[in-house]
Amino acid sequence: MEIVLAISIGVLTGSGVWLLLRPRTFQVIMGLSLLSYAVNLFIFSMGRLGLAVDKEPVLVPGVPPDLQHYADPLPQALVLTAIVIGFAMTALFLVVLLASRGISGTDHVDGTHAREQQEMP
Amino acid sequence: MSHLSELTAAAMPHLMLAPIALPMFTAAFLLLLREEQQRLKFGLSVLSTLAGLLVAIALLQWTHQAGAPASMGVYLPGNWPAPFGIVLVLDRLSALMLLLTNIVALCSVLFAGARWQRAGVHYHTLFQFQLMGLSGAFLTADLFNLFVFFEILLAASYGLLLHGSGRARVQSGLHYIAINLAASSLFLIGASMFYGITGTLNMADLAQGMAHVSAEDRGLLHAAAAILATAFLIKAAMWPLNFWLVPAYSAATAPVGALFALMTKVGVYTLLRLWTLMFGTEAGASALFGSLWLIVGGMATMAFGAIGMMGSQRLTHLAGHAAVLSSGTLLAAAGFGQNALTAGLLYYLPSSTLAVGALFLLADLIDRWRNDGTTLAPYESDDDAPFLSPELVPTAGLNLDDDEQVLVGRVIPASAVFMGLAYLMCTLVIAGLPPLSGFIGKFAMLTALLNPLGLGSSAGTRPGPVGWTLLALMIGTWPSRARAYATSGPAPSAPCRSCACWRACPSPCCWAPAWP
């Protein structure tokens, strides 16, 4: 389980960073989204006593109430907050992206480069 | 004054929530008003900011009480015991930052009332949300809560930066948002790693746990600290993470620029707070971790800012580079982790922030004065340097004096004189030249650098190569900033409203070497 999670975080981060460094605004927003997925998964793995595999997420009668038997609730709360904030910021970035596209007529992040080739209808 | 302190003592600790709650409720209420009720919105916003200023003064006075234990305010918003619930903590540093925030905010909101609030919608709402985020970031004592307040202030700042729209703002806003979203990801990674290692997000609890981190987790801890610090350093505009700053800050409308001058200080404040808490001398094997990075990075930032100030042709760019320079100085001084040096830094911080903020406001006034009411001169739209045509002949389209006459013995309007004087004072504070407070701050830092143990007791201690470099930079940026004043200062040109004086007296460019 750990290895699967580690690989998926690595792949998401790698593709996210690569896309973030690309010159088109759409690639940048995709990169930011992938990066935030990677971060959310990463926060899960940072619970106390490592990754919670096969542990109860919700209190169950008869199970001793400690972290040996339950998933750490705090990273879940952090992830929830991070998802909400990340979602809002992505939406805002999308608006600015469209505004930039409308004003400059190109989807280059600098709004100027290679306008001739990238002229869109 | 005694009445005020009694009132404050009675209202504590609940008064600590006011700097966060007041702007939040004001902003929420402003959302309900229609956009045409501009005056009412402005009035409410000013009233709320004024009340915030009074609260900040009361809080600062409260922390100044004699007797150390009483001067720390602790507030439990959810009433959960300390390491589990979110805690707000007020000490002198956070009270000072709150006061600074509210002073800058009041000036900025008054300035916006004259003109800029009409450039777009919901200006005051966003402004109040930004205030809420700033106050929260200064008050919170929980790492994740700090992230939430950072996001609040950033979200509001995105809106404020785009206020007024236009190509430059949207373009620089795009970069600004992208880099801050990336920084937020780093913040989350760092914060969650800290939780994974120590099992707590409460800052005081983290600081206590630092010495007890097991040896095999030490490397992970340092990685977490470095990742978290990168997120803050992006906000504090350390070189090479600061290329977004100058375009964004100079594209923003003037009152927003003034408020943004404070935002780099949020990064510096957070670094100072967390770093001294976690990696102070009590941190065991991790004591002073990353100190050299802060010092060297801060010095590189100083050099970048100073060179940028010399190279700036536009006043707003100059103000942006001044913000970079000031935060570079603060970072480098913070990196030494010496008490006396930090004291000098804390003296330098408010005055330099106020000066940079004022410079943003002044830049707007001077530009409009120079360009007959518009913010941009014709030559600025196609990005030509204004004063650098080969034989110093003004570019076509400049707002010239009617006859292009030499302006000697001409009456200068009083308002222009005040503007010039104000500009002079701002540059003096930023440059750290006597007699203003910037000089005292820099002098205190230089003294602390040379005498780390206090005057007279430093026999045998030397600042070391890094210390000498900082010393040289601090002194070296004095003349360079004065030069920036001489070469791109509008003060001589603003009163004559034209470029003619540059032709008439080519000497300004020749004074520059004479300045140091």
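In the annotation of an unreviewed UniProt entry, the entry for chain A reads NADH-ubiquinone oxidoreductase chain 4L, and the organism field reads Alicycliphilus denitrificans. The heading Subcellular location (unreviewed entry) in the UniProt record of chain A holds the text "Cell membrane". Taken directly from UniProt, the Sequence similarities (unreviewed entry) text for chain A runs: "Belongs to the CPA3 antiporters (TC 2.A.63) subunit C family."

A.B. asks: Help me out: how do you make sense of the overall build of chain A in this one?
C.D. replies: A count of helical and extended segments in chain A gives 3 helices and 0 strands. Walking chain A from its N terminus toward its C terminus, one meets helices and strands in the order α-α-α. In terms of C-alpha radius of gyration, chain A reaches 20 Å, well past the compact-globule figure of 14 Å for 121 residues. Counting the 121 residues in chain A, one finds 28% classified as buried. Taking contacts inside chain A between residues at least 6 apart in sequence as the whole, the part at least 24 apart equals 52%.

A.B. asks: Quick question: what am I supposed to make of the packing of helix α6 (residues 143-161) of chain B against helix α7 (residues 167-198) of chain B here?
C.D. replies: Residues and elements named next belong to chain B. As a packed pair, α6 and α7 sit with axes 11 Å apart at the nearest point and diverge in direction by 175 degrees. Looking at the two axes, α6 sits roughly antiparallel to α7. Residue-level contacts link L143, F144, F147, F150, E151, L154, Y158 and L161 of α6 to R169, G173, Y176, I177, N180, S184, F187, L188, A191 and F194 of α7. Its residues assigned to classes, the contact of α6 with α7 comprises 13 nonpolar, 3 polar and 2 charged.

A.B. asks: Explain the interface of chain A and chain B here, please?
C.D. replies: One frequent convention defines the size of an interface as the accessible area lost when the parts assemble. Contact residues are listed per partner, giving 28 residues for chain A and 22 residues for chain B. Where the side of chain A that touches chain B is concerned, the elements lending two or more residues are α2 (25-45) and α3 (73-104) of chain A. When residues of the side of chain A that touches chain B are assigned to their parent elements, the largest contribution, 15 residues, is made by α3(A). For the side of chain A that touches chain B, the per-class residue count stands at 21 nonpolar, 6 polar and 1 charged.

A.B. asks: Any chance you could explain the UniProt feature "transmembrane region" (unreviewed entry) in chain A here in plain terms?
C.D. replies: Residue and element names in this part refer to chain A. Under the UniProt annotation, "transmembrane region" (unreviewed entry) lies at residues 6-21, 28-51 and 77-99. The annotated region residues 6-21 carries 94% helix and 0% strand content, and the separation between its end C-alpha atoms amounts to 23 Å. For residues 28-51, the helix share is 75%, the strand share is 0%, and the end-to-end C-alpha distance is 30 Å.

A.B. asks: Any chance you could explain the nonpolar core here in plain terms?
C.D. replies: Looking at soluble globular proteins, one finds that nonpolar side chains tend to be buried together. Residues and elements named next belong to chain B. Grouped together as the largest cluster of nonpolar side chains are 176 residues, with contacts concentrated most on A191 and L359. It is α7 that contributes the most residues to this core, 17 residues altogether. When residues of this core are assigned to domains, at least three fall in each of domain 1 (2-289) and domain 2 (368-514). Once residues lying within four places of it in the same chain are set aside, the contact partners of A191 are L143, F144, F147, L201 and L228.

A.B. asks: Can you help me understand the packing of helix α5 (residues 123-139) of chain B against helix α11 (residues 254-278) of chain B in this one?
C.D. replies: Any two packed helices are characterised by the angle at which their axes cross and by the distance between the axes. Residues and elements named next belong to chain B. α11 packs onto α5 with a crossing angle of 20 degrees between their chain directions and a minimal axis gap of 11 Å. Classed by the angle they form, the pair α5 and α11 counts as roughly parallel. Read as a crossing pair, α5 and α11 show a hand that is left-handed. Only L259, L262, V266, Y269 and T270 of α11 make contact with α5, whose side of the interface consists of Q130, L134, A137 and F138.

A.B. asks: Would you take a moment to explain helix α13 (residues 315-335) of chain B for this structure?
C.D. replies: Each turn of an α-helix holds 3.6 residues, which means side chains three or four residues apart point in the same direction. Residue and element names in this part refer to chain B. Spanning 21 residues, α13 covers 30 Å between terminal C-alpha atoms, matching the ideal 30 Å at 1.5 Å per step. With 20 of its 21 residues buried, α13 lies for the most part within the structure. Positive phi shows up at G337, right after α13, with a value of about 65 degrees.

Reading the values: rules and limits
- Residues numbered from 1 in each chain as written.
- Chains lettered and ligands numbered in written order.
- Predicted model: local features only at pLDDT ≥ 70, side-chain atom pairs only at ≥ 80, totals over all residues.
- UniProt positions renumbered as here; feature names shortened; annotations may be inferred.
- Helix = DSSP H or I, 4+ residues; strand = E, 2+ residues; numbered from the N terminus.
- Rg over C-alpha atoms; globule rule 2.2 N^0.38 Å.
- Buried ≥ 20, exposed ≤ 12 C-beta atoms within 10 Å, placed from the backbone.
- Contact = placed C-beta atoms within 7 Å.
- Axes fitted to C-alpha atoms, helices over the stretch in contact; angles between N-to-C directions.
- Parallel < 35°, antiparallel > 145°, perpendicular 65-115°, else oblique.
- Nonpolar A, V, L, I, M, F, W, Y, C, P; charged D, E, K, R; others polar.
- Core = buried A, V, L, I, M, F, W, Y, C linked by C-beta atoms within 7 Å.
- Domains from an automatic or database assignment.
- Left-handed = near helix turned anticlockwise from the far one by under 90°.
- Expected span 1.5 Å × (residues − 1).

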